[in-house]
Amino acid sequence: MPDGDFSHFWTAIEKACILFRQTAEQTAEALGFVFPEKEEKGFRQYADMVKEEMKK
């Protein structure tokens, strides 16, 4: 249940990203695609920037 705590929010986001990546890698492999590492890395950098901005 959400409690509004900043650290809990970001922990949930990070866990969701890990789960998404694992699922996307497995799906890509099963369908003969390559997981887009560059795009995923870019999203993670963006999410880190947003996290830092929200701390201010």
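Residues numbered from 1 in each chain as written. Predicted model: local features only at pLDDT ≥ 70, side-chain atom pairs only at ≥ 80, totals over all residues. Heavy atoms only, no water.

Peer 1: Sorry if this is basic, but what is going on with a nonpolar patch on the surface here?
Peer 2: Taken together, the side chains of Phe 43, Tyr 46 and Met 49 present a nonpolar region at the surface, about 350 Å² in accessible area. For Met 49, a relative accessible area of 55% corresponds to the exposed category. (Patch = residues over 30% accessible without salt bridge, like charges linked within 9 Å, V, L, I, M, F, W, Y side chains within 5 Å. Areas by Shrake-Rupley, 256 points an atom, 1.4 Å probe, with all protein chains shown as cover. Salt bridge = Lys/Arg side-chain N within 4 Å of Asp/Glu carboxyl O. Buried < 20%, exposed > 50% of the residue type's maximum accessible area, 1.4 Å probe, protein only.)

Peer 1: Would you mind going over the packing of aromatic side chains with me for this structure?
Peer 2: Any pair of aromatic rings gets described here by the distance separating the centres and the angle formed by the planes. The full count for this structure, using the stated rule, is two aromatic pairs. Ring centres of Phe 6 and Trp 10 lie 6.4 Å apart, and the angle between their planes is 55 degrees; on these two criteria the pair is classed as tilted. Here Trp 10 and Phe 6 lie together in helix H1 (residues 6-31), a separation of four residues that amounts to about one turn. In this structure Phe 6 comes out as partly exposed when scored by relative accessible area, which is 29%. (Phe/Tyr/Trp six-rings, centres within 6.5 Å; stacked < 30°, edge-to-face > 60°. Helix = DSSP H or I, 4+ residues; strand = E, 2+ residues; numbered from the N terminus.)

Any functional reading would require information that these geometric values do not contain.
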